[in-house]
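# Summary of structural features
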Amino acid sequence: MTKQNNVLITGASRGIGAETARLFADKGYSVCVNFKSNVKAAESIRQDVLARGVDCILVKADVSKPHDVANMFETFDRELGELRVLVNNAGILRQQSNMVDISEQRFSEVLNTNVVGCFLCCKEAVKRMSKLNSGSIVNVSSKASISGSPHEYVDYAASKAAVDTLTRGLALEVAAKGIRVNGVRPGLIDTDIHAAGGEPGRVARLEGIIPMRRGGKACEVAEAIFWLASGQASFVTGSFIDISGGL
Ligand code: NAP
């Protein structure tokens, strides 16, 4: 199997995941681009990755579904070889609202994608990385895990707090096996996700409360993810980088 560095990035068809895919490709990694439904966006990222001279596979899988996740990792094994890096980036949020107006169904949907998805992918990755005694996992959390996102999406914030705790606990469990697990906490980053919350212009509206007085770019988050995943961060585990302009 290939000795080339490789990475599986969940939710890599758009936003932060897509920029992360381009950056890993720039650094010579073979890339697995996972997406849920937007084939056109995913195919466009695949072309961007291939143009950088590395292998790229597209895998359609809903990370909240165990069967999809198992199939995705089996496809990775077959096509790209021994897994070196996992980036758990796929995440969703829903319409801004007070917590009392959030339905139980929505709460479960958000937690299933953001937490169960991360959990399922971490398990598959650790099974493989344990055999190699090496590997790196980066989980994409959010500053919402600390703020709680009142009047917007407490469900989303709670899911990201769970991702933080899972990241820390798993990092300590697997540290002696040579597997590093870290997280990033983006603040307000200009991507499609805000439209899903009902406010496409949310980053521009809130720029004034950011100490750096601007929103972040997906490529700025990708840089931190790449650093944590790379050998440059060889003594870093169970740690988090906030990418939020000081917020
Ligand atoms: P985005 O632009 O909305 O992109 C979301 C990506 O996740 C898409 O590729 C989407 O695939 C994929 N996805 C959604 N549900 C999925 C599922 N069940 N299975 C597999 N893939 C799924 O979001 P983003 O802003 O880049 O956010 C990426 C991550 O950063 C998320 O975890 C988010 O919570 C976190 N974050 C973002 C911000 C921000 O301000 N943007 C701030 C803090 C944290 P399709 O294209 O197929 O729909």
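See the structure printed just above.
Notes on the structure in this doc start here.

Thresholds, definitions, all that
Residues numbered from 1 in each chain as written. Predicted model: local features only at pLDDT ≥ 70, side-chain atom pairs only at ≥ 80, totals over all residues. Heavy atoms only, no water. Helix = DSSP H or I, 4+ residues; strand = E, 2+ residues; numbered from the N terminus. Expected span 1.5 Å × (residues − 1). Buried < 20%, exposed > 50% of the residue type's maximum accessible area, 1.4 Å probe, protein only. Arc of directions from axis to C-beta. Contact = heavy atoms within 4.5 Å. Core = buried A, V, L, I, M, F, W, Y, C linked by side-chain atoms within 4.5 Å. Near = heavy atom within 4 Å. Polar contact = N/O pair within 3.5 Å; in protein donor to acceptor, adjacent residues only side chain to side chain. Nonpolar A, V, L, I, M, F, W, Y, C, P; charged D, E, K, R; others polar. Phe/Tyr/Trp six-rings, centres within 6.5 Å; stacked < 30°, edge-to-face > 60°.

## Some details on helix 3 (residues 66-80)
The first and last C-alpha atoms of helix 3 sit 21 Å apart over 15 residues, in line with the 21 Å expected at 1.5 Å per residue. Every buried residue of helix 3 is accounted for by Val69, Met72, Phe73, Phe76 and Leu80. All buried residues of helix 3 project into a common sector of 90 degrees when viewed along the axis, lining one side. Across helix 3 from its buried face, at more than 90 degrees, point the exposed residues His67 and Arg78. In the core, the buried residues of helix 3 are packed alongside strand 1 (6-9), strand 2 (30-35), strand 3 (56-60), strand 4 (85-88) and helix 4 (104-132). Directly beyond the C-terminal end of helix 3, a positive phi value near 90 degrees is found at Gly81.

## Topic: the nonpolar core
Phe24, Val31, Val184 and Ile225 are the most contacted members of the largest nonpolar core, which totals 33 residues. Of all the secondary-structure elements, those providing two or more residues to this core are strand 1, helix 1 (15-26), strand 2, helix 2 (39-50), strand 4, strand 5 (135-140) and helix 9 (218-229). Element by element, the count of residues in this core is highest for helix 9, at eight residues. Discounting chain neighbours no more than four positions away, the residues touching Ile225 are Ile16, Thr20, Phe24, Val87, Val138, Val140 and Val184. Counting 28 residues, the second largest nonpolar core, distinct from the first, contains Cys121, Met129, Ile137 and Val174.

## Describing the site of the ligand
The ligand sits among 32 residues. The nearest are Ser13, Ser37, Asn89, Tyr156 and Thr191. Between the ligand and Arg14, the relevant distance is 2.8 Å, taken from an oxygen atom to a side-chain nitrogen or oxygen of the residue. Here a nitrogen atom of the ligand sits 2.9 Å away from a polar atom, N or O, in the side chain of Asp62. Only helix 1, strand 2, helix 6 (154-174) and helix 7 (193-196) provide two or more residues apiece to the shell around the ligand. Here the residues of the shell around the ligand are counted per class, giving 13 nonpolar, 14 polar and five charged.

## Regarding the packing of aromatic side chains
This model, assessed by the stated rule, comprises four aromatic pairs. Ring geometry for Phe24 versus Phe226: centroids 4.9 Å apart, planes at 70 degrees, classification edge-to-face. On the criterion of sequence distance, the pair formed by Phe24 in helix 1 and Phe226 in helix 9 is long-range, its members being 202 residues apart. The residues Phe24 and Phe226 share a single accessibility class, namely buried. With centroids separated by 5.7 Å and ring planes inclined at 80 degrees, the aromatic side chains of Tyr29 and Phe226 adopt a geometry described as edge-to-face. Here the residue Tyr29 occupies a position in the loop between helix 1 and strand 2, and Phe226 occupies one in helix 9, the gap between them amounting to 197 residues.

Nothing here speaks to function; it is geometry throughout.
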